[in-house]
Amino acid sequence: MSLKPGPVIKLNPGKEQSPLRFHPWVFSGAIKSKTGEISEGDVVEVQDSRGVFLGMGHYQEGTIAVRIFAFKKADIDLKFWKNKLVRAYNMRKKLGLAENPETNVYRLVFAEGDGMPGLIIDFYNGTAVIQTHSIGMHLIKPDLVLALQEIYGNQLKAVYDKSEESMPKLSNIKSTNGLLWGNTETNEVMENGHRFHIDWETGQKTGFFIDQRDSRELLAKYSKDKVVLNTFCYTGGFSIYALAAGAKEVHSVDSSKKAMELTDRNVLLNGFSPVVESAAGTANHISFAEDTFNFFHGKEMKYDVIVLDPPAFAKHQSAKHNAVKGYTKLNAEALKHIKPGGFLFTYSCSQVVDRQLFLGAVMAASIESGRSVRVLHQLSQPADHPRSIFHPEGEYLKGLVLYIE
Ligand code: SAH
């Protein structure tokens, strides 16, 4: 193996402990010296203070200076990246996701969880949607496209880049959204036999909240003959599962008009009829383009099952305190609208609000409600969003299913 000497980053004494434990982040404060010319996105070798090899990763200006993707020496080329993608694909196959006629939407690459910090790839029925969060991953997009073509063969129809919003804000290197290869043949995907129209071009994230697949399946088990409220519904994922499971009535709420249009479209696509608020009481499914808090304030109605899946209330540590207060307020509102013997599916996708803190927020809301509240399920992200056991930061989704009397 021919290894050209590349740029080297030496760590301060003691700072080797983190990479020795396979944690993939090197913070800028851990760096003792840099040798060679280093530009953002370059592959660098990380060494301890005495020059012993620790790992290889992408360099970037910022708090996290190196994102390590190899803890052994390797040639970082097309073959290297293809091997990573093959490993990711093989795991999804073992999970029953890849090559499953009932489900053709799944996450192929979940950043650190698949040994590729800074990279997300979601597979949408023939279109791979790439989202890069680092300069290094942005620069290897041509290799990623080639590797995807080799792995999927004629299953792959297009590769779409959705990185305009996700790239580091301070860098001069920018990305634009658009097709990297091929042509999308369809925007329709299937998840557990349910059909969804996905808009990855203008939609949120890569187009669909794939990470709630397992939760949606669980909701279906509790929905038969029930009156279900799905707040922050976006594409209507939870609503479709509830309808298909025989819910008596489903109400979907999202403050975005576009989200409600997507929900209505997906309700239709699955053979149910979407109805707007004016027809309340006459249909199986009713859409409300409204803020969830306003919705709760304006409604006396009580539900058998409520889903609360808000966007991240805190994106940074500084917003943590207010986020916790937000979760308490939201859950307290929902608890006022649940019938005795009802269920609350409540989530937080804020990475900085950990499981314990989220539980505390929901506990505070439960105390405020004065009701008997029991925890039936503690949920997390699904298996196609794995986290390295050495990288606890990779866990972000927390969910609770509560029984309320
Ligand atoms: N549950 C969804 C994903 C939710 S994403 C699914 O399974 O796919 C969060 C959604 O909350 C977005 O669609 C956003 O438009 C909506 N949203 C944000 N703030 C809101 C608010 N205050 N009230 C209602 N919806 C809101």
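Refer to the structure presented above.
Quantities reported herein were computed from a predicted structural model and do not represent experimental measurements.

1. Quick notes on the overall build of the chain
- Each helix and strand in the chain was counted, giving ten helices and 21 strands.
- Relative to the globule expectation of 22 Å for 405 residues, the C-alpha radius of gyration of the chain, 23 Å, shows essentially globular dimensions.
- In terms of principal-axis extent, the alpha carbons of the chain reach across some 70 × 50 × 35 Å.
- Summarising the internal contacts of the chain: among those between residues at least 6 apart in sequence, 63% fall at separations of at least 24.
- Treating the 47 positive side-chain charges of the chain as one cloud and the 45 negative ones as another, the clouds have centres 5 Å apart.

2. What to know about helix α7 (residues 257–269)
- Its 13 residues give α7 an end-to-end C-alpha distance of 18 Å, which sits within 8% of 18 Å, the value for a rise of 1.5 Å per residue.
- Those residues of α7 that fall on the buried side of the exposure criterion are Ala259, Met260, Leu262, Thr263, Asp264, Asn266 and Val267.
- At the N-terminal boundary of α7, the capping side chain belongs to Ser256, with an oxygen 3.3 Å from the backbone nitrogen of Lys258.

3. Remarks on the site of the ligand
- Taken together, 16 residues are adjacent to the ligand, and Arg216, Asp254, Asp291, Thr292 and Asp309 come closest.
- Gln204 is positioned such that a nitrogen or oxygen atom in its side chain is 3.0 Å from an oxygen atom of the ligand.
- Asp291 has a polar side-chain atom sitting 2.9 Å from a nitrogen atom of the ligand.

4. Quick notes on the packing of helix α2 (residues 78–94) against helix α4 (residues 141–152)
- Running from amino to carboxyl end, α2 crosses α4 at an angle of 50°, the nearest separation of the two axes being 9 Å. What the angle tells us is that α2 and α4 run oblique. Handedness of the crossing formed by α2 with α4: right-handed. Of α4, the residues touching α2 (which contributes Leu78, Trp81, Lys82, Leu85, Val86 and Tyr89) are Asp143, Leu144, Leu146, Ala147, Leu148, Glu150, Ile151 and Tyr152.
- Per-class residue counts for the contact of α2 with α4 are eleven nonpolar, no polar and three charged.

5. Structural notes on helix α9 (residues 320–336)
- Helix length check: α9, at 17 residues, gives a terminal C-alpha distance of 25 Å against a target of 24 Å (1.5 Å per residue), a fit within 8%.
- For α9, every residue scored as buried is listed here: Ala323, Val324, Gly326, Tyr327, Thr328, Leu330, Asn331, Ala332, Glu333, Ala334 and Leu335.

6. What to know about the side chain of Asn331
- Structurally, the position occupied by Asn331 is in helix α9.
- Classification of Asn331 as buried rests on a relative accessible area of 1%.
- In contact with Asn331, other than residues within four places in its own chain, are Leu308, Leu344, Thr346, Val362 and Ala365.

7. Section: the environment of Leu95
- As for its placement among the helices and strands, Leu95 is situated in the loop between α2 and β7 (105–110).
- Spatially, the C-alpha atoms of Leu95 and Ala247 are 29 Å apart, while their sequence positions differ by 152 residues.
- Beyond its immediate stretch of four places on either side in the chain, Leu95 contacts Ala383 and Asp384.

8. Regarding the pattern of salt bridges
- Counted according to the given criterion, the structure contains 18 salt bridges.
- Between Glu188 and Arg195 there is a salt bridge; the shortest N-O distance is 2.7 Å.
- With its nearest N and O atoms 3.0 Å apart, the salt bridge here joins Glu191 to Arg216. In this pair, Glu191 sits in strand β12 (residues 188–191) while Arg216 sits in helix α5 (residues 213–221), placing the two residues 25 residues apart along the sequence. You'll find Glu191 and Arg216 in the same group, each marked buried.
- What emerges from the salt-bridge pattern is a single network uniting Arg213, Asp214 and Asp384.

9. Concerning unusual backbone geometry
- The backbone phi angle of Phe22 is positive, close to 65°, even though this residue is not glycine.
- Residue Phe22 is classed as partly exposed on the basis of its relative accessible area of 42%.
- If you check the backbone angles, Asp225 has positive phi at about 65° while not being a glycine.
- For Asp225, the position within the fold is in the loop between α5 and β14 (227–231).
- Take Asp225: its relative accessible area is 52%, and that puts it in the exposed class.

10. Re the sheet that holds strand β2 (residues 25–27)
- Spatial ordering of the open sheet is given by β2-β6-β5-β4-β1-β3, a layout of six strands whose pairing is mixed. The open sheet has two edge strands with one neighbour each: β2 and β3 (31–35). Across the sheet, the axes of successive neighbouring strands diverge by a mean angle of 35°, strand direction being ignored.
- Here strand β4 (residues 43–47) pairs with strand β5 (residues 53–59) via five bridges, running antiparallel. Its bridge partner being in β5, Val44 is matched across the sheet by Gly57.

Calculation criteria
Residues numbered from 1 in each chain as written. Predicted model: local features only at pLDDT ≥ 70, side-chain atom pairs only at ≥ 80, totals over all residues. Heavy atoms only, no water. Helix = DSSP H or I, 4+ residues; strand = E, 2+ residues; numbered from the N terminus. Rg over C-alpha atoms; globule rule 2.2 N^0.38 Å. Contact = heavy atoms within 4.5 Å. Lys, Arg positive; Asp, Glu negative; His and termini not counted. Charge placed at Lys NZ, Arg CZ, Asp CG, Glu CD. Expected span 1.5 Å × (residues − 1). Buried < 20%, exposed > 50% of the residue type's maximum accessible area, 1.4 Å probe, protein only. Polar contact = N/O pair within 3.5 Å; in protein donor to acceptor, adjacent residues only side chain to side chain. Near = heavy atom within 4 Å. Axes fitted to C-alpha atoms, helices over the stretch in contact; angles between N-to-C directions. Parallel < 35°, antiparallel > 145°, perpendicular 65-115°, else oblique. Left-handed = near helix turned anticlockwise from the far one by under 90°. Nonpolar A, V, L, I, M, F, W, Y, C, P; charged D, E, K, R; others polar. Salt bridge = Lys/Arg side-chain N within 4 Å of Asp/Glu carboxyl O. Pairing = 2+ DSSP bridges.

Any link to function would need more than the numbers given here.
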